Amino acid sequence: MNDEVFEIIKQEEKRQSEGLELIPSENYVSANVLQAMGSVLTNKYSEGYPGKRYYGGNENVDQIETLAIERAKQLFNADHANVQPHSGANANEAVYFAWCKPGDTILAMSLPAGGHLTHGSPVTRSAKIYNFIGYGVTASGDIDYDELEKLALDNEPSLILVGYSAFMKIPDFGRVKSIADKVSQQSGHEVLLMADMAHVAGLIAGKVHPNPLDHGFQVMTSTTHKTLRGPRGGLIISKGKVGNPLKKCEHKLENIPTLIDRAVFPGTQGGPLEHIIAAKAVAFQEDLQPEFRDYAARIIKNAQTLANELRDLGFELQGGGTDNHLLLVNVKSSFGFDGKIYEKALDLVGLTLNANALPTDKGGAFRPSGVRLGTPAITTRGLGEAEMKQIANWMKRVADICAESQEESALDNYNEELATIRDEVRELALAFPVPGI
Ligand code: DSN
(Lines give C-alpha, C1' and ligand atoms only; values in the text may rest on other atoms or scores of the structure.)
Protein backbone atom coordinates (compact mmCIF):
# COMPACT_ATOMS: atom_id res chain seq x y z
CA MET A 1 0.00 0.00 0.00
CA ASN A 2 1.60 3.29 -1.01
CA ASP A 3 -0.94 5.82 0.26
CA GLU A 4 0.95 8.37 2.38
CA VAL A 5 -1.62 7.75 5.13
CA PHE A 6 0.13 4.46 5.91
CA GLU A 7 3.47 6.23 6.16
CA ILE A 8 1.98 8.58 8.73
CA ILE A 9 0.50 5.63 10.64
CA LYS A 10 4.02 4.14 10.75
CA GLN A 11 5.29 7.40 12.24
CA GLU A 12 2.56 7.24 14.87
CA GLU A 13 3.59 3.65 15.72
CA LYS A 14 7.12 4.93 16.23
CA ARG A 15 5.93 7.83 18.40
CA GLN A 16 3.90 5.47 20.57
CA SER A 17 6.73 2.91 20.83
CA GLU A 18 9.49 5.39 21.66
CA GLY A 19 7.55 7.47 24.18
CA LEU A 20 5.65 6.81 27.39
CA GLU A 21 1.94 7.60 27.49
CA LEU A 22 0.96 9.27 30.75
CA ILE A 23 -2.37 10.74 29.64
CA PRO A 24 -4.71 9.00 32.11
CA SER A 25 -7.50 8.52 29.57
CA GLU A 26 -5.35 6.70 27.01
CA ASN A 27 -4.32 3.07 26.71
CA TYR A 28 -3.06 0.45 24.25
CA VAL A 29 -5.38 -2.21 22.81
CA SER A 30 -4.45 -5.80 22.06
CA ALA A 31 -3.74 -7.11 18.57
CA ASN A 32 -7.11 -8.91 18.65
CA VAL A 33 -8.98 -5.69 19.41
CA LEU A 34 -7.13 -3.99 16.54
CA GLN A 35 -8.01 -6.84 14.20
CA ALA A 36 -11.72 -6.71 15.02
CA MET A 37 -11.76 -2.94 14.39
CA GLY A 38 -10.14 -3.38 11.01
CA SER A 39 -12.68 -5.95 9.81
CA VAL A 40 -15.35 -6.07 7.07
CA LEU A 41 -18.02 -5.36 9.68
CA THR A 42 -17.49 -1.71 8.79
CA ASN A 43 -19.29 -2.46 5.50
CA LYS A 44 -22.61 -3.22 7.17
CA TYR A 45 -25.67 -1.13 8.05
CA SER A 46 -27.56 -2.41 11.09
CA GLU A 47 -29.86 0.24 12.54
CA GLY A 48 -31.89 -1.25 15.35
CA TYR A 49 -30.90 -3.94 17.84
CA PRO A 50 -30.14 -7.69 17.62
CA GLY A 51 -33.17 -9.46 16.12
CA LYS A 52 -34.85 -6.08 15.46
CA ARG A 53 -33.02 -4.45 12.55
CA TYR A 54 -34.16 -2.18 9.76
CA TYR A 55 -31.85 -3.86 7.18
CA GLY A 56 -31.37 -7.44 6.02
CA GLY A 57 -28.17 -9.46 6.22
CA ASN A 58 -27.55 -8.91 9.93
CA GLU A 59 -27.36 -12.54 11.09
CA ASN A 60 -23.63 -12.27 11.91
CA VAL A 61 -23.79 -8.74 13.25
CA ASP A 62 -26.61 -9.80 15.58
CA GLN A 63 -24.43 -12.51 17.11
CA ILE A 64 -21.53 -10.11 17.59
CA GLU A 65 -23.59 -7.35 19.17
CA THR A 66 -25.31 -9.89 21.45
CA LEU A 67 -21.91 -11.14 22.61
CA ALA A 68 -20.79 -7.57 23.35
CA ILE A 69 -24.00 -6.90 25.31
CA GLU A 70 -23.81 -10.11 27.36
CA ARG A 71 -20.13 -9.60 28.19
CA ALA A 72 -20.71 -5.97 29.24
CA LYS A 73 -23.58 -7.06 31.51
CA GLN A 74 -21.40 -9.72 33.08
CA LEU A 75 -18.51 -7.29 33.63
CA PHE A 76 -20.63 -4.79 35.53
CA ASN A 77 -23.37 -6.92 37.07
CA ALA A 78 -25.98 -5.09 34.98
CA ASP A 79 -29.44 -6.00 33.66
CA HIS A 80 -28.87 -4.25 30.37
CA ALA A 81 -26.11 -2.90 28.14
CA ASN A 82 -26.24 -0.66 25.12
CA VAL A 83 -22.96 -1.01 23.24
CA GLN A 84 -23.82 1.32 20.35
CA PRO A 85 -22.78 4.81 21.59
CA HIS A 86 -20.05 6.09 19.29
CA SER A 87 -18.35 7.88 22.20
CA GLY A 88 -18.65 8.74 25.87
CA ALA A 89 -20.17 12.10 24.93
CA ASN A 90 -22.86 10.34 22.88
CA ALA A 91 -23.52 7.93 25.75
CA ASN A 92 -24.06 10.80 28.18
CA GLU A 93 -26.24 12.71 25.77
CA ALA A 94 -28.41 9.63 25.20
CA VAL A 95 -28.98 9.17 28.94
CA TYR A 96 -30.01 12.80 29.39
CA PHE A 97 -32.33 12.45 26.39
CA ALA A 98 -33.77 9.19 27.75
CA TRP A 99 -34.74 10.65 31.09
CA CYS A 100 -34.92 14.45 31.05
CA LYS A 101 -37.28 16.90 29.38
CA PRO A 102 -35.89 20.19 28.04
CA GLY A 103 -35.40 22.53 30.99
CA ASP A 104 -35.04 19.75 33.57
CA THR A 105 -32.33 20.17 36.18
CA ILE A 106 -29.24 17.95 36.21
CA LEU A 107 -26.82 18.11 39.12
CA ALA A 108 -23.23 17.22 38.18
CA MET A 109 -19.65 17.93 39.23
CA SER A 110 -18.54 21.25 37.75
CA LEU A 111 -15.79 21.23 35.13
CA PRO A 112 -13.25 23.20 37.23
CA ALA A 113 -13.80 20.76 40.11
CA GLY A 114 -12.86 17.82 37.88
CA GLY A 115 -16.11 17.12 36.00
CA HIS A 116 -16.37 16.65 32.25
CA LEU A 117 -17.36 18.97 29.40
CA THR A 118 -20.44 16.83 28.71
CA HIS A 119 -21.63 17.31 32.30
CA GLY A 120 -23.00 20.77 31.62
CA SER A 121 -20.28 22.99 30.21
CA PRO A 122 -22.08 25.97 28.62
CA VAL A 123 -20.35 25.27 25.27
CA THR A 124 -22.19 21.94 24.84
CA ARG A 125 -25.54 21.19 23.23
CA SER A 126 -26.83 19.49 26.40
CA ALA A 127 -26.26 22.64 28.42
CA LYS A 128 -28.52 24.53 26.03
CA ILE A 129 -31.28 21.95 26.55
CA TYR A 130 -31.06 21.12 30.26
CA ASN A 131 -30.46 23.22 33.36
CA PHE A 132 -27.12 21.99 34.72
CA ILE A 133 -26.07 22.89 38.24
CA GLY A 134 -22.50 22.14 39.31
CA TYR A 135 -21.25 20.86 42.65
CA GLY A 136 -17.62 21.13 43.71
CA VAL A 137 -14.88 19.45 45.70
CA THR A 138 -13.48 20.16 49.15
CA ALA A 139 -9.94 21.36 49.87
CA SER A 140 -8.91 17.75 50.34
CA GLY A 141 -10.12 16.94 46.82
CA ASP A 142 -13.18 14.88 47.74
CA ILE A 143 -16.73 15.55 46.51
CA ASP A 144 -18.36 18.22 48.65
CA TYR A 145 -21.27 16.00 49.69
CA ASP A 146 -22.80 18.66 51.96
CA GLU A 147 -22.93 21.11 49.06
CA LEU A 148 -24.27 18.37 46.78
CA GLU A 149 -27.06 17.61 49.25
CA LYS A 150 -28.01 21.26 49.70
CA LEU A 151 -28.05 21.88 45.93
CA ALA A 152 -30.10 18.72 45.40
CA LEU A 153 -32.74 19.62 48.01
CA ASP A 154 -32.91 23.26 46.86
CA ASN A 155 -33.19 22.45 43.13
CA GLU A 156 -34.86 19.01 43.03
CA PRO A 157 -32.97 17.70 39.96
CA SER A 158 -34.36 14.98 37.70
CA LEU A 159 -30.91 13.48 37.42
CA ILE A 160 -27.87 13.42 39.70
CA LEU A 161 -24.61 12.59 37.99
CA VAL A 162 -21.40 11.37 39.62
CA GLY A 163 -18.58 11.38 37.11
CA TYR A 164 -15.34 13.15 36.32
CA SER A 165 -12.21 13.32 34.27
CA ALA A 166 -9.87 14.74 36.90
CA PHE A 167 -10.72 13.34 40.35
CA MET A 168 -8.59 11.03 42.49
CA LYS A 169 -10.95 9.80 45.23
CA ILE A 170 -13.46 6.95 45.42
CA PRO A 171 -17.00 8.38 45.31
CA ASP A 172 -19.37 7.54 48.14
CA PHE A 173 -22.17 6.25 45.89
CA GLY A 174 -24.29 5.21 48.90
CA ARG A 175 -24.32 8.76 50.24
CA VAL A 176 -25.45 10.13 46.86
CA LYS A 177 -28.18 7.49 46.70
CA SER A 178 -29.51 8.59 50.09
CA ILE A 179 -29.53 12.23 48.86
CA ALA A 180 -31.50 11.17 45.75
CA ASP A 181 -34.01 9.36 47.97
CA LYS A 182 -34.54 12.54 50.02
CA VAL A 183 -35.10 14.55 46.82
CA SER A 184 -37.64 11.99 45.59
CA GLN A 185 -39.49 12.12 48.89
CA GLN A 186 -39.52 15.91 48.96
CA SER A 187 -40.39 16.47 45.29
CA GLY A 188 -42.57 13.46 44.54
CA HIS A 189 -40.60 12.70 41.35
CA GLU A 190 -38.15 9.90 40.65
CA VAL A 191 -34.48 10.92 40.44
CA LEU A 192 -32.19 9.09 38.04
CA LEU A 193 -28.75 8.31 39.47
CA MET A 194 -26.16 8.20 36.73
CA ALA A 195 -22.43 7.51 37.06
CA ASP A 196 -20.06 8.47 34.26
CA MET A 197 -17.23 6.08 35.05
CA ALA A 198 -15.32 6.51 31.78
CA HIS A 199 -12.03 6.95 33.61
CA VAL A 200 -12.35 4.12 36.12
CA ALA A 201 -14.56 1.57 34.33
CA GLY A 202 -11.58 -0.79 33.99
CA LEU A 203 -10.91 -0.51 37.72
CA ILE A 204 -14.57 -1.41 38.36
CA ALA A 205 -14.39 -4.32 35.92
CA GLY A 206 -11.16 -5.40 37.65
CA LYS A 207 -12.93 -5.29 41.05
CA VAL A 208 -10.57 -2.75 42.60
CA HIS A 209 -13.12 0.09 42.63
CA PRO A 210 -16.78 0.01 43.78
CA ASN A 211 -19.45 -0.47 41.13
CA PRO A 212 -22.10 2.30 41.26
CA LEU A 213 -24.76 -0.20 40.09
CA ASP A 214 -24.17 -2.16 43.32
CA HIS A 215 -24.87 1.01 45.35
CA GLY A 216 -28.27 2.15 44.12
CA PHE A 217 -27.28 3.84 40.83
CA GLN A 218 -29.46 2.85 37.88
CA VAL A 219 -27.16 3.88 35.02
CA MET A 220 -23.46 3.90 34.31
CA THR A 221 -21.89 5.36 31.17
CA SER A 222 -18.35 4.86 30.03
CA THR A 223 -15.96 5.06 27.17
CA THR A 224 -14.47 1.73 26.15
CA HIS A 225 -10.95 2.91 25.26
CA LYS A 226 -9.62 4.09 28.61
CA THR A 227 -9.03 1.64 31.47
CA LEU A 228 -11.29 -0.92 29.72
CA ARG A 229 -8.60 -1.19 27.03
CA GLY A 230 -11.04 -1.52 24.14
CA PRO A 231 -11.66 0.43 20.95
CA ARG A 232 -12.51 4.15 20.98
CA GLY A 233 -16.25 4.18 21.76
CA GLY A 234 -19.01 4.45 24.34
CA LEU A 235 -21.14 2.19 26.52
CA ILE A 236 -24.26 2.51 28.70
CA ILE A 237 -25.19 -0.13 31.24
CA SER A 238 -28.18 -0.07 33.52
CA LYS A 239 -30.42 -1.81 36.03
CA GLY A 240 -34.13 -2.26 35.31
CA LYS A 241 -36.68 -4.03 33.11
CA VAL A 242 -35.51 -4.77 29.59
CA GLY A 243 -38.34 -4.15 27.10
CA ASN A 244 -38.77 -3.96 23.35
CA PRO A 245 -36.78 -0.94 22.11
CA LEU A 246 -39.06 -0.56 19.09
CA LYS A 247 -42.06 0.15 21.34
CA LYS A 248 -42.75 3.24 23.44
CA CYS A 249 -42.63 2.70 27.20
CA GLU A 250 -43.70 4.63 30.28
CA HIS A 251 -41.31 7.25 31.70
CA LYS A 252 -40.42 5.34 34.89
CA LEU A 253 -37.07 4.50 36.42
CA GLU A 254 -37.75 0.78 36.12
CA ASN A 255 -37.98 1.21 32.34
CA ILE A 256 -34.64 2.99 32.03
CA PRO A 257 -32.98 0.23 29.94
CA THR A 258 -35.63 0.54 27.23
CA LEU A 259 -35.73 4.34 27.46
CA ILE A 260 -31.96 4.29 26.89
CA ASP A 261 -32.15 1.96 23.88
CA ARG A 262 -34.70 4.25 22.28
CA ALA A 263 -32.62 7.32 23.13
CA VAL A 264 -29.50 5.86 21.47
CA PHE A 265 -31.33 4.72 18.35
CA PRO A 266 -33.30 6.43 16.87
CA GLY A 267 -33.05 9.21 19.49
CA THR A 268 -29.50 10.42 19.03
CA GLN A 269 -27.61 8.10 16.65
CA GLY A 270 -28.02 6.34 13.31
CA GLY A 271 -26.28 3.17 12.18
CA PRO A 272 -24.09 1.47 14.79
CA LEU A 273 -20.36 0.92 14.15
CA GLU A 274 -20.41 -2.88 14.20
CA HIS A 275 -16.65 -3.22 13.63
CA ILE A 276 -16.16 -1.19 16.81
CA ILE A 277 -18.85 -3.20 18.62
CA ALA A 278 -16.96 -6.38 17.64
CA ALA A 279 -13.78 -4.87 19.09
CA LYS A 280 -15.71 -3.95 22.26
CA ALA A 281 -16.83 -7.59 22.54
CA VAL A 282 -13.21 -8.78 22.20
CA ALA A 283 -12.00 -6.27 24.80
CA PHE A 284 -14.80 -7.19 27.26
CA GLN A 285 -13.77 -10.84 27.01
CA GLU A 286 -10.19 -9.81 27.85
CA ASP A 287 -11.52 -7.71 30.76
CA LEU A 288 -13.36 -10.75 32.15
CA GLN A 289 -10.12 -12.73 32.56
CA PRO A 290 -8.42 -13.05 35.98
CA GLU A 291 -5.27 -11.35 34.57
CA PHE A 292 -7.31 -8.19 34.06
CA ARG A 293 -7.92 -7.95 37.81
CA ASP A 294 -4.20 -8.08 38.33
CA TYR A 295 -3.76 -5.35 35.69
CA ALA A 296 -6.35 -3.12 37.40
CA ALA A 297 -4.63 -3.53 40.78
CA ARG A 298 -1.24 -2.72 39.24
CA ILE A 299 -2.62 0.50 37.69
CA ILE A 300 -3.44 1.81 41.19
CA LYS A 301 -0.20 0.56 42.73
CA ASN A 302 1.82 2.28 40.00
CA ALA A 303 -0.18 5.51 40.40
CA GLN A 304 0.43 5.53 44.14
CA THR A 305 4.14 4.75 43.72
CA LEU A 306 4.47 7.56 41.19
CA ALA A 307 2.55 9.91 43.52
CA ASN A 308 4.86 9.11 46.44
CA GLU A 309 7.98 9.61 44.35
CA LEU A 310 6.76 12.91 42.93
CA ARG A 311 5.79 14.16 46.37
CA ASP A 312 9.26 13.31 47.67
CA LEU A 313 10.75 15.34 44.82
CA GLY A 314 8.74 18.45 45.73
CA PHE A 315 5.67 18.11 43.50
CA GLU A 316 2.46 19.26 45.20
CA LEU A 317 -0.40 16.84 44.44
CA GLN A 318 -4.04 17.87 44.38
CA GLY A 319 -5.83 15.92 47.13
CA GLY A 320 -2.43 14.80 48.49
CA GLY A 321 -2.20 11.71 46.26
CA THR A 322 -4.51 9.27 44.54
CA ASP A 323 -6.91 6.39 45.19
CA ASN A 324 -7.23 5.53 41.51
CA HIS A 325 -5.20 5.76 38.30
CA LEU A 326 -4.91 9.53 38.08
CA LEU A 327 -2.77 12.32 39.53
CA LEU A 328 -3.21 16.08 39.35
CA VAL A 329 -0.01 17.99 40.01
CA ASN A 330 0.07 21.68 40.89
CA VAL A 331 3.27 22.66 39.09
CA LYS A 332 2.60 26.36 39.65
CA SER A 333 2.65 26.08 43.44
CA SER A 334 5.46 23.52 43.31
CA PHE A 335 7.89 25.23 40.94
CA GLY A 336 6.39 28.52 39.72
CA PHE A 337 5.68 27.68 36.05
CA ASP A 338 2.35 26.70 34.48
CA GLY A 339 1.07 23.40 33.13
CA LYS A 340 1.36 24.37 29.45
CA ILE A 341 5.13 24.87 29.41
CA TYR A 342 5.57 21.66 31.39
CA GLU A 343 3.34 19.70 28.99
CA LYS A 344 5.44 21.06 26.08
CA ALA A 345 8.78 20.25 27.70
CA LEU A 346 7.70 16.74 28.65
CA ASP A 347 6.48 16.17 25.09
CA LEU A 348 9.99 16.99 23.91
CA VAL A 349 11.40 14.14 26.01
CA GLY A 350 8.71 11.61 25.03
CA LEU A 351 6.57 11.78 28.18
CA THR A 352 3.02 12.65 27.13
CA LEU A 353 0.52 14.16 29.55
CA ASN A 354 -1.83 17.14 29.54
CA ALA A 355 -1.94 20.53 31.17
CA ASN A 356 -5.03 20.70 33.36
CA ALA A 357 -6.82 23.32 35.40
CA LEU A 358 -7.03 22.72 39.14
CA PRO A 359 -10.21 23.33 41.16
CA THR A 360 -8.53 26.46 42.52
CA ASP A 361 -7.65 27.86 39.04
CA LYS A 362 -9.72 30.88 38.11
CA GLY A 363 -10.70 30.48 34.44
CA GLY A 364 -7.24 29.19 33.63
CA ALA A 365 -8.05 26.66 30.90
CA PHE A 366 -5.40 28.10 28.56
CA ARG A 367 -2.58 28.54 31.11
CA PRO A 368 -3.64 26.15 33.88
CA SER A 369 -1.56 25.65 36.99
CA GLY A 370 -1.47 21.89 36.77
CA VAL A 371 -0.88 18.78 34.77
CA ARG A 372 -2.89 15.56 34.78
CA LEU A 373 -1.26 12.18 34.41
CA GLY A 374 -2.02 8.53 35.03
CA THR A 375 -0.81 4.98 34.78
CA PRO A 376 -3.27 2.84 32.71
CA ALA A 377 -1.18 2.87 29.51
CA ILE A 378 2.27 2.40 31.02
CA THR A 379 0.91 -0.41 33.21
CA THR A 380 -0.37 -2.16 30.07
CA ARG A 381 3.19 -2.06 28.74
CA GLY A 382 4.40 -3.76 31.92
CA LEU A 383 6.14 -0.87 33.70
CA GLY A 384 6.31 -1.30 37.47
CA GLU A 385 7.67 0.26 40.64
CA ALA A 386 11.26 0.79 39.46
CA GLU A 387 10.08 2.51 36.28
CA MET A 388 7.69 4.78 38.25
CA LYS A 389 10.71 6.02 40.19
CA GLN A 390 12.56 6.62 36.94
CA ILE A 391 9.63 8.56 35.45
CA ALA A 392 9.37 10.74 38.57
CA ASN A 393 13.08 11.43 38.28
CA TRP A 394 12.79 12.50 34.61
CA MET A 395 9.80 14.66 35.49
CA LYS A 396 11.88 16.46 38.12
CA ARG A 397 14.77 17.03 35.71
CA VAL A 398 12.34 18.50 33.17
CA ALA A 399 10.71 20.59 35.93
CA ASP A 400 14.14 22.04 36.78
CA ILE A 401 14.60 23.01 33.13
CA CYS A 402 11.15 24.66 33.04
CA ALA A 403 11.87 26.52 36.28
CA GLU A 404 14.98 28.00 34.67
CA SER A 405 13.46 28.77 31.26
CA GLN A 406 9.98 29.97 32.42
CA GLU A 407 8.95 30.59 28.75
CA GLU A 408 8.15 27.93 26.13
CA SER A 409 10.31 29.78 23.60
CA ALA A 410 13.29 29.57 25.98
CA LEU A 411 13.16 25.76 26.06
CA ASP A 412 15.35 25.83 22.91
CA ASN A 413 18.25 26.88 25.14
CA TYR A 414 18.03 23.50 26.86
CA ASN A 415 18.00 21.30 23.75
CA GLU A 416 21.00 19.30 24.83
CA GLU A 417 19.67 18.44 28.30
CA LEU A 418 16.23 17.63 26.85
CA ALA A 419 17.79 15.40 24.15
CA THR A 420 19.71 13.44 26.82
CA ILE A 421 16.50 12.77 28.74
CA ARG A 422 14.75 11.94 25.45
CA ASP A 423 17.33 9.22 24.73
CA GLU A 424 16.88 7.73 28.21
CA VAL A 425 13.08 7.70 27.84
CA ARG A 426 13.34 6.09 24.38
CA GLU A 427 15.62 3.34 25.65
CA LEU A 428 13.27 2.42 28.48
CA ALA A 429 10.15 2.68 26.30
CA LEU A 430 11.57 0.33 23.68
CA ALA A 431 12.21 -2.26 26.38
CA PHE A 432 8.42 -2.38 26.99
CA PRO A 433 6.82 -2.91 23.55
CA VAL A 434 3.41 -1.50 22.67
CA PRO A 435 0.90 -4.37 22.20
CA GLY A 436 -0.28 -4.81 18.64
CA ILE A 437 2.73 -3.16 16.99
N1 DSN B 1 -10.87 13.34 26.87
C2 DSN B 1 -11.14 12.50 28.01
C3 DSN B 1 -10.16 12.69 29.09
O4 DSN B 1 -9.02 12.86 28.76
O5 DSN B 1 -10.51 12.65 30.26
C6 DSN B 1 -12.51 12.63 28.52
O7 DSN B 1 -13.38 12.82 27.48
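Residues numbered from 1 in each chain as written. Predicted model: local features only at pLDDT ≥ 70, side-chain atom pairs only at ≥ 80, totals over all residues. Heavy atoms only, no water.

Section: the side chain of Glu 93
Within the secondary structure, Glu 93 is located in helix α4 (residues 88–99). The exposure class assigned to Glu 93 is buried, which follows from its relative accessible area of 16%. When near neighbours in sequence (up to four residues on either side) are disregarded, Glu 93 contacts Arg 125, Ser 126 and Thr 268. (Helix = DSSP H or I, 4+ residues; strand = E, 2+ residues; numbered from the N terminus. Buried < 20%, exposed > 50% of the residue type's maximum accessible area, 1.4 Å probe, protein only. Contact = heavy atoms within 4.5 Å.)

Some details on helix α7 (residues 173–187)
Between the first and last C-alpha of α7 there are 21 Å, a value that for 15 residues agrees with the 21 Å anticipated at 1.5 Å per step. All of the buried residues in α7 are Phe 173, Val 176, Ile 179, Ala 180 and Val 183. All buried residues of α7 fall inside an arc of 120° around its axis, so they share one side. Residues of α7 that are buried sit in contact with α6 (145–155), β7 (159–163) and β8 (192–196). Backbone geometry just after α7 places Gly 188 at a positive phi near 80°. (Expected span 1.5 Å × (residues − 1). Arc of directions from axis to C-beta.)

Details of the packing of helix α3 (residues 59–76) against helix α10 (residues 274–287)
Between α3 and α10, whose axes approach to 8 Å, the crossing angle comes to 40°. When the axes of α3 and α10 are compared, the crossing they make is left-handed. Mapping the contact onto sequence places Val 61, Ile 64, Glu 65, Leu 67, Ala 68, Arg 71, Ala 72 and Leu 75 in α3 and Glu 274, Ile 277, Ala 278, Ala 281, Val 282, Phe 284, Gln 285 and Asp 287 in α10. The residue inventory of the contact of α3 with α10, partitioned by class, reads eleven nonpolar, one polar and four charged. (Axes fitted to C-alpha atoms, helices over the stretch in contact; angles between N-to-C directions. Left-handed = near helix turned anticlockwise from the far one by under 90°. Nonpolar A, V, L, I, M, F, W, Y, C, P; charged D, E, K, R; others polar.)

Observations concerning the pattern of salt bridges
All told, the structure shown has 25 salt bridges when counted by the stated rule. The salt bridge involving Glu 65 is made with Arg 53; its shortest N-O contact spans 3.0 Å. Taken as a pair, Glu 65 in helix α3 and Arg 53 in strand β3 (residues 52–53) lie far apart in primary sequence, twelve residues in all. As far as the burial class goes, Glu 65 and Arg 53 line up, both buried. Taking the shortest distance from any N to any O, the salt bridge between Lys 101 and Asp 104 comes out at 3.7 Å. (Salt bridge = Lys/Arg side-chain N within 4 Å of Asp/Glu carboxyl O.)

Describing the packing of aromatic side chains
The full count for this structure, using the stated rule, is eleven aromatic pairs. Plain terms: the ring middles of Tyr 164 and Phe 167 are 4.7 Å apart, the flat faces sit at 50° to each other, and that makes the pair tilted. On the basis of relative accessible area, Phe 167 is assigned to the buried category, the value being 1%. When the ring of Phe 315 is compared with that of Phe 335, the centres are 4.8 Å apart and the planes differ by 80°; the resulting orientation is edge-to-face. Of this pair, Phe 315 sits in the loop between α11 (290–312) and β11 (316–317) while Phe 335 sits in helix α12 (residues 331–335), placing them 20 residues apart in sequence. These aromatic residues form a ring-pair network of at least three members: Phe 315, Phe 335, Phe 337 and Tyr 342. The ring of Tyr 295 has Arg 229 lying over it, and the distance from NZ or CZ to the ring centre is 3.9 Å. (Phe/Tyr/Trp six-rings, centres within 6.5 Å; stacked < 30°, edge-to-face > 60°. Lys NZ or Arg CZ within 6 Å of the ring centre and 35° of its normal.)

Focus on the layout of surface pockets
Roughly 770 Å³ of volume is contained in the largest pocket. Those elements that provide at least two residues to the lining of the largest pocket are α1 (4–18), β1 (20–21), α2 (31–37) and β13 (351–352). The dominant element in the lining of the largest pocket, judged by the number of residues it contributes, is α1, at five residues. The residue inventory of the lining of the largest pocket, partitioned by class, reads eleven nonpolar, eight polar and nine charged. (1 Å grid on protein atoms, 1.4 Å probe; cavity = no way out; pocket = protein on both sides within 12 Å on 5 of 7 lines; lining within 4 Å. Points joined across faces, edges and corners; volume = space filled by probe spheres on them.)

Some points on the site of the ligand
What surrounds the ligand is the set Ser 25, His 116, Ser 165, His 199, Lys 226 and Arg 372. The contact in question runs from an oxygen atom of the ligand to an N or O atom on the side chain of His 199, over 2.7 Å. Looking at the shell around the ligand, its residues break down into no nonpolar, four polar and two charged. (Near = heavy atom within 4 Å. Polar contact = N/O pair within 3.5 Å; in protein donor to acceptor, adjacent residues only side chain to side chain.)

Section: a nonpolar patch on the surface
Residues Tyr 45, Tyr 54, Tyr 55 and Leu 246 make up a contiguous nonpolar surface patch of about 450 Å² in total accessible area. Along the chain, the position of Tyr 54 falls in the loop between β3 and α3. (Patch = residues over 30% accessible without salt bridge, like charges linked within 9 Å, V, L, I, M, F, W, Y side chains within 5 Å. Areas by Shrake-Rupley, 256 points an atom, 1.4 Å probe, with all protein chains shown as cover.)

So, the environment of Phe 315
Note on Phe 315: relative accessible area 2%, which makes it buried. Along the chain, Phe 315 and Ser 334 lie 19 residues apart, while their C-alpha atoms are 5.4 Å from each other. Once residues within four sequence positions are removed from consideration, Phe 315 is found in contact with Leu 310, Val 329, Ser 334, Phe 335, Tyr 342, Met 395, Lys 396 and Ala 399.

Thoughts on the pairing of strand β9 (residues 219–223)
In terms of burial, β9 is largely enclosed, as five of its five residues are buried. What you see with β9 is no split at all: Val 219, Thr 221 and Thr 223 on one side and Met 220 and Ser 222 on the other are buried throughout. Pairing between β8 and β9: three bridges, direction parallel. Each residue of the ladder has a partner; that of Ala 195, found in β9, is Met 220. In terms of strand pairing, β9 meets strand β10 (residues 234–238) through five bridges, oriented antiparallel. (Pairing = 2+ DSSP bridges.)

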